[in-house]
Amino acid sequence: MSAPVYPDISNQAPYSMPQPGGHSMAPYPVPQGGYGDPSKAPAPGFNMDYNPPPVMYQPGQGPEYGGPPGPQYGGPQGPGPAPGPQYGGAAEAMSPAVAPIGVPPGLEYLTQIDQILIHQKVELLEAFIGFETNNQYEIKNSLGQKIYKAKEKNDCCTRNCCGSLRSFDMKIKDNTDREVIRLIRPFRCVSCWCPCCLQEMEVQAPPGTTIGYVKQDWHPCLPQFSIQGANKETLMKLDGPCFACNCCGDVNFELKGKDGGKPIGRISKQWSGLLKEVFTDTDNFGIQFPLDLDVKMKAVLMGACFLIDFMFFEKVGEANQRSTVFS
């Protein structure tokens, strides 16, 4: 007795499904490609067409410095790399990186972030014998990754004789040791009793091209600053507290529009702990600003942060740090 033979239906179209009223409806379409094992189907809400955003390279980590190319640099789309010639793939020419229009070289990464952390490095010689050295800082993103480094440049006599009022040039470099920002602070008074010669800082990016200024505004009680453009037009205001002393807490300088109003950001002097605050002048700052703020103004706010540090939180030898605009 032979086995029964069943018709081959692998190539036949699915049967139509009868509906109430005697009408028939076409079956559900067969998914293109399918899911494979039905038990491994994507969870509800999973987007099959999701494309991950391009990788945000740290300064000094992009393909122009030897790193892996991303989609914006001519690299492959999607989360995985395309096979190269060593794996049988075709060799593709990498298109050159195109910097955003109006962004100074080296500041491209600032267009993608809305906050910066600044940590002053501990100088052992300064901590033990009180001899003032050039301040050095690490500038990081919110994940703690270093994106820039800054170092003060002046002479020994200026540092130890002029104290926190000293003039200096500060070079800010990226991770490839390329100078991308230069801060220039002339010697100025800081007291409200001398309104004609208050603090000022020039910000250049790249070095030699002025992009803005930070200028102290006269006020009998409050530390106030104007954030200015390249032509010294006021674009934003920065208002500090009457008593700028971080006694076990943060000190906030609120960033506002040029006409005041609601804060749009801030510069915060963060509490570093009792031992660091008493025995060293190492400071930690946080800067918050709108994500879509002009990248040049983000650089100027970095300069404002350093100016505030020297004005109110810098200790030289046995001299106490300044806490008000009166002294």
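Residues numbered from 1 in each chain as written. Predicted model: local features only at pLDDT ≥ 70, side-chain atom pairs only at ≥ 80, totals over all residues. Heavy atoms only, no water.

Undergrad: How should the overall build of the chain be read in this particular structure?
TA: Of regular secondary structure, the chain possesses four helices and 14 strands. Looking at the chain as a whole, 39% of its 327 residues qualify as buried. Long-range pairs, those at least 24 residues apart, make up 45% of the contacts in the chain with a sequence separation of at least 6. Accessible surface for the chain amounts to roughly 18,800 Å². Of this, 58% is attributable to carbon and sulfur atoms. (Helix = DSSP H or I, 4+ residues; strand = E, 2+ residues; numbered from the N terminus. Buried < 20%, exposed > 50% of the residue type's maximum accessible area, 1.4 Å probe, protein only. Contact = heavy atoms within 4.5 Å. Areas by Shrake-Rupley, 256 points an atom, 1.4 Å probe, with all protein chains shown as cover.)

Undergrad: Sorry if this is basic, but what is going on with the pairing of strand 5 (residues 146-153) here?
TA: Regular strands place side chains that alternate from one sheet face to the opposite one. Judged from the five bridges that link them, strand 4 (residues 136-140) and strand 5 form a sheet pairing that is antiparallel. Each bridged residue has a counterpart across the sheet, and for Lys140 the counterpart in strand 5 is Lys146. In sequence, strand 4 turns back onto strand 5 through a hairpin of five residues, with Gly144 there showing a positive phi of about 85°. The pairing of strand 5 with strand 6 (residues 168-173) spans five bridges and is antiparallel. Each residue of the ladder has a partner; that of Lys151, found in strand 6, is Lys171. (Pairing = 2+ DSSP bridges.)

Undergrad: Before we go on, may I ask you to explain the pairing of strand 8 (residues 200-204) in this structure?
TA: A large share of strand 8 lies buried, amounting to five of its five residues. Every second residue of strand 8 is oriented toward a common face, with Glu200, Glu202 and Gln204 on one face and Met201 and Val203 on the other, all of them buried. Pairing geometry for strand 7 (residues 179-185) and strand 8, over three bridges, is antiparallel. If you follow Leu183 over to strand 8, its bridge partner there is Val203. Pairing between strand 8 and strand 9 (residues 210-217): five bridges, direction antiparallel. Bridge pairing in strand 9 links Glu200 to Lys215. Between strand 8 and strand 9, which pair antiparallel one after the other, the connecting turn spans five residues, and Gly208 there sits at a positive phi close to 105°.

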